[in-house]
Amino acid sequence: MRVPRYLYITITRECNLRCQMCHFWTYRDPEDKLTVKEIKEVIDQFSNINPQGIIIISGAEPTIHQNNFFEICKYIRSKGLKSACVTNGYDFTDETIKRLIEEGPTYITLSLDSHIPEIHNRLRGKNDAFDKTLDSIKRLVSLNKQTKNSQTEITVISIIFDENIAYLPEYIEFVRSLDVIGVLFQIINPTFAKVSKEDKFFSEHFFKNKSEAISILESVYNKYKEDPFVLLKRSDIEWFKNYINNPDFIGESVCDSHNKNIFLELCGDIVLCAHMRNLNNGLAIGNVRQDKLINILNSEAAKKIKAIMEKCHRNCGLLACHKREEQTN
Ligand SMILES: C[S@@+](CC[C@H](N)C(=O)[O-])C[C@H]1O[C@@H](n2cnc3c(N)ncnc32)[C@H](O)[C@@H]1O
Ligand code: SF4
Ligand code: SF4
């Protein structure tokens, strides 16, 4: 077994925004979700499996239940592991900003989907989303700079979709002016946690003019390929192009999620990619309440699904975190 490098821990499925491309905000956490104590036990087990591993604290919005979030962050720090989170940065008090820098994850990525407030707000479903997230980014960057020996690294991420693709160079320069260390991109996927059968937002906002979308991405890549601020690799562009051309079939094996990622779901189930259940008759490979993480990873169920995932060419939106490492370098 290759040693997995990343443990994704879903600590909540609740959210304070109302995004069009992600419907987690319709979810409520179940009563039997893992306790912080149970999560700490899994962190202990993971740190024995990979002492150099990185833990991604994820959600919906991971910061929404702040006491749990910070207790988990602090525990990860105390084990000498690094952690990361992606957050919408909505409604952070000064106290939250302080705790994020002092106790929070090593890598903090804030989602800002445009430098044009109306585009971000429309996508995020709240009229004050842009102002609040921007304000959080500015306060975080400022405090991070003032904090001696801070280990925190702050980046910004944007979805790329039909409404913002033409403005990418302006967006990049706007984000650069915020003094974060880099900007990342994620191409629009089918709506997360979709409530209805049809996917209205995705079908309306996936690129209608495919060749134009691809040529914009090519020109953005060429403009910024030597620029370390823009975290966009050649392999990302190749993947985006394949995906835009044919969102129903990946066409080449670029996924390595089964080797590098472990996902701990809210009630303790373990899966190896965000879509693994779709490949495995809805099943997880085990549950940390019933077995140790190492046994789950070495189980027959794990071996069986890894063989399927090895050959998977499915259109799953393939998140950047699922791609082979050598393809992201
Ligand atoms: C599910 S969110 C969770 C973290 C946090 N709530 C946030 O919005 O940043 C993680 C990332 O997925 C992105 N995302 C959400 N829905 C998406 C979609 N349909 N396609 C692509 N990326 C999406 C968000 O913009 C965010 O950067
Ligand atoms: S993308 Fe993030 S902020 Fe938007 S609904 Fe999903 S979890 Fe919430
Ligand atoms: S391509 Fe997508 S569905 Fe297939 S194994 Fe990778 S992440 Fe999972």
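One can find the structure itself at the top, above this paragraph.
Below or above, wherever it landed, is the structure these notes cover.

Cut-off values and rules
- Residues numbered from 1 in each chain as written.
- Chains lettered and ligands numbered in written order.
- Predicted model: local features only at pLDDT ≥ 70, side-chain atom pairs only at ≥ 80, totals over all residues.
- Helix = DSSP H or I, 4+ residues; strand = E, 2+ residues; numbered from the N terminus.
- Buried ≥ 20, exposed ≤ 12 C-beta atoms within 10 Å, placed from the backbone.
- Contact = placed C-beta atoms within 7 Å.
- Core = buried A, V, L, I, M, F, W, Y, C linked by C-beta atoms within 7 Å.
- Axes fitted to C-alpha atoms, helices over the stretch in contact; angles between N-to-C directions.
- Parallel < 35°, antiparallel > 145°, perpendicular 65-115°, else oblique.
- Left-handed = near helix turned anticlockwise from the far one by under 90°.
- Right-handed = clockwise from strand over helix to strand, strands pointing away.
- Near = placed C-beta within 6 Å.
- Nonpolar A, V, L, I, M, F, W, Y, C, P; charged D, E, K, R; others polar.
- Pairing = 2+ DSSP bridges.

Bringing the overall build of the chain into the picture now. Secondary structure summary: the chain contains 14 helices and nine strands in total. Each principal axis of the C-alpha distribution contributes one length, and for the chain these read about 50 × 45 × 40 Å. For the chain, the proportion of its 329 residues judged to be buried stands at 37%. The long-range share in the chain, meaning contacts at least 24 apart out of those at least 6 apart in sequence, stands at 72%.

Tracing the backbone through its elements, the reader meets serine 142 in helix H5 (residues 129-146). In this structure serine 142 comes out as partly exposed when scored by C-beta crowding, with 13 C-beta atoms within 10 Å. Sequence spacing of serine 142 and threonine 96 is 46 residues, and the spatial spacing of their C-alpha atoms is 14 Å.

Ile57, Leu264, Ile270 and Leu272 are the most contacted members of the largest nonpolar core, which totals 80 residues. Among all residues touching isoleucine 270, those that are not within four sequence positions of it are Ile262, Phe263, Leu264, Ala284, Ile285, Gly286, Asn287, Val288 and Ile296.

Moving on, we come to the packing of helix H1 (residues 36-49) against helix H2 (residues 66-78). Angle between the axes and distance between the axes: these two values describe a pair of packed helices. Relative to each other, H1 and H2 sit at 25°, their axes nearing to 10 Å. Relative to H2, the element H1 is oriented roughly parallel. Relative to H2, H1 is oriented so that their crossing is right-handed. Along its contact with H1, which presents Val36, Ile39, Lys40 and Ile43, the element H2 presents Asn68, Glu71, Ile72, Tyr75 and Ile76.

With that settled, the discussion passes to the pairing of strand S2 (residues 54-58). Counted residue by residue, S2 has four buried out of five residues, so it is predominantly covered. Running through H1, the crossover from strand S1 (residues 6-10) to the neighbouring parallel element S2 is right-handed. Read as a crossover between parallel neighbours, the route from S2 over H2 to strand S3 (residues 82-87) is right-handed.

Near ligand 1, the surroundings consist of 17 residues, among which Met21, Cys22, Glu61, Ser111 and Asn189 are the closest. Secondary-structure elements contributing two or more residues to the shell around ligand 1 are S3 and strand S5 (153-160). Class assignment of the residues belonging to the shell around ligand 1 gives a composition of nine nonpolar, seven polar and one charged.

This brings us to the sheet that holds S1. Spatially, the nine strands line up as an open sheet ordered S6-S5-S4-S3-S2-S1-S7-S8-S9, and their pairing is mixed. Each having just a single partner strand, strand S6 (182-187) and strand S9 (286-287) make up the two edges of the open sheet. Two strands pair when backbone bridges link them, and S2 and S3 are joined in this way by three bridges, in the parallel orientation. Looking across to S3, one finds that isoleucine 56 is bridged to alanine 84.

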